[in-house]
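# Architecture at a glance
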Amino acid sequence: MGKTEKRLLGKNAQVIVDILKKAYSDEMRIFHYFWYVGINMEGIGLVTYAQALKTQATGELMHGELLANRIAELGSRAPSDPSEWEKLSTIGPLDPAKHLTLRSALERALEFEGKAVENYNALAKKALELGDFVTYNLATTILADEVKDEQHTEDVLSSLEVK
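Now for a description of the structure that goes with this document. Think of each chain on its own: its residues are numbered from 1, step by step along the sequence as written. With the structure being a predicted model, the display of local features is reserved for residues of pLDDT at least 70 and the display and counting of side-chain atom pairs for 80 or more, all residues being used for whole-chain, interface and lining totals. The side-chain values count all of the structure's non-hydrogen atoms but skip hydrogen atoms and water molecules.

### Points about the nonpolar core
- Within the largest apolar cluster, 24 residues are counted, with the highest numbers of intra-cluster contacts made by Ile16, Leu20, Tyr24, Leu67, Leu74 and Tyr120.
- Labels follow the DSSP assignment, with helices taken as runs of H or I lasting at least four residues and strands as runs of E lasting at least two, numbered in each case from the N terminus. Put simply, the parts of the chain that give this core at least two residues each are α2 (12-40), α4 (50-73), α6 (102-130) and α7 (133-159).
- Whether two residues are in contact is decided by their heavy atoms: any pair within 4.5 Å suffices. In this structure tyrosine 24 touches Gly64, Leu67, Ala68, Ile71, Ala78, Pro79 and Trp85, once residues within four positions along its chain are discounted. What is meant by a nonpolar core is a set of buried Ala, Val, Leu, Ile, Met, Phe, Trp, Tyr and Cys residues, joined one to another through side-chain atoms within 4.5 Å. Relative accessibility decides the category of a residue: with a 1.4 Å probe and only protein chains considered, values under 20% of the type maximum give buried, values over 50% give exposed, and everything between is partly exposed.

### Some thoughts on the pattern of salt bridges
- Salt bridge, as used here, is a side-chain nitrogen of Lys or Arg placed within 4 Å of a carboxyl oxygen of Asp or Glu. Scanning the entire structure with this criterion turns up five salt bridges.
- In this structure, aspartate 132 and arginine 70 form a salt bridge, with 2.9 Å as the shortest nitrogen-oxygen distance. With aspartate 132 in the loop between α6 and α7 and arginine 70 in helix α4, the pair connects residues that are 62 residues apart, well separated along the chain.
- For arginine 108, the salt bridge is made with glutamate 111, and the minimal N-O distance between the two is 2.9 Å. Of this pair, arginine 108 and glutamate 111 are both found in helix α6, three residues apart, which corresponds to roughly one turn of the helix.
- Arginine 108 sits in the buried class, given a relative accessible area of 10%.
- Where salt bridges share partners, they join Arg70, Glu73 and Asp132 into one cluster.

What follows is the structure, given as structure tokens:
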């Protein structure tokens with residue numbers, strides 16, 4: 001962290017780092033969820049939607065990279081241990097093997113996409129409150145992606161014929 005940012009953020013930098021580490025942990029777990037389901041999907045989703053899930057996984061991985069870079073800029077490191085991701089994560093249990101049908105995969109995805117929207121909204125507010133405009137910009141950028149992902153998931157779920 002540069003000396004000017006250190007001076008501006010002071011002890012608030014650690015508050016931001018802690019929140020960023022939770023967001024990073026969520027992103028890494030969600031990446032794994034989408035990737036695993038995209039590879040192992042069963043039923044009609046295998047033909048119709050598996051590739052879209054793998055594409056979505058790479059988007060989550062890119063979010064993780066942005067968060068890891070910001071954590072590094074603030075003088076820390078993103079958590080490296082998947083068991084730490086689970087402890088820090090805000091999205092609860094996420095066993096992708098339990099969600100290999102299209103409907104089940106999307107219903108679970110809708111839950112954590114909604115949580116991501118809430119979390120990035122809260123991060124943006126906190127960053128703004130603490131005067132960390134770099135993190136604010138990052139949070140709102142990722143928030144826009146998550147809002148779009150949540151809407152897309154809702155749209156696909158509502159158009160499935162089998163209810």
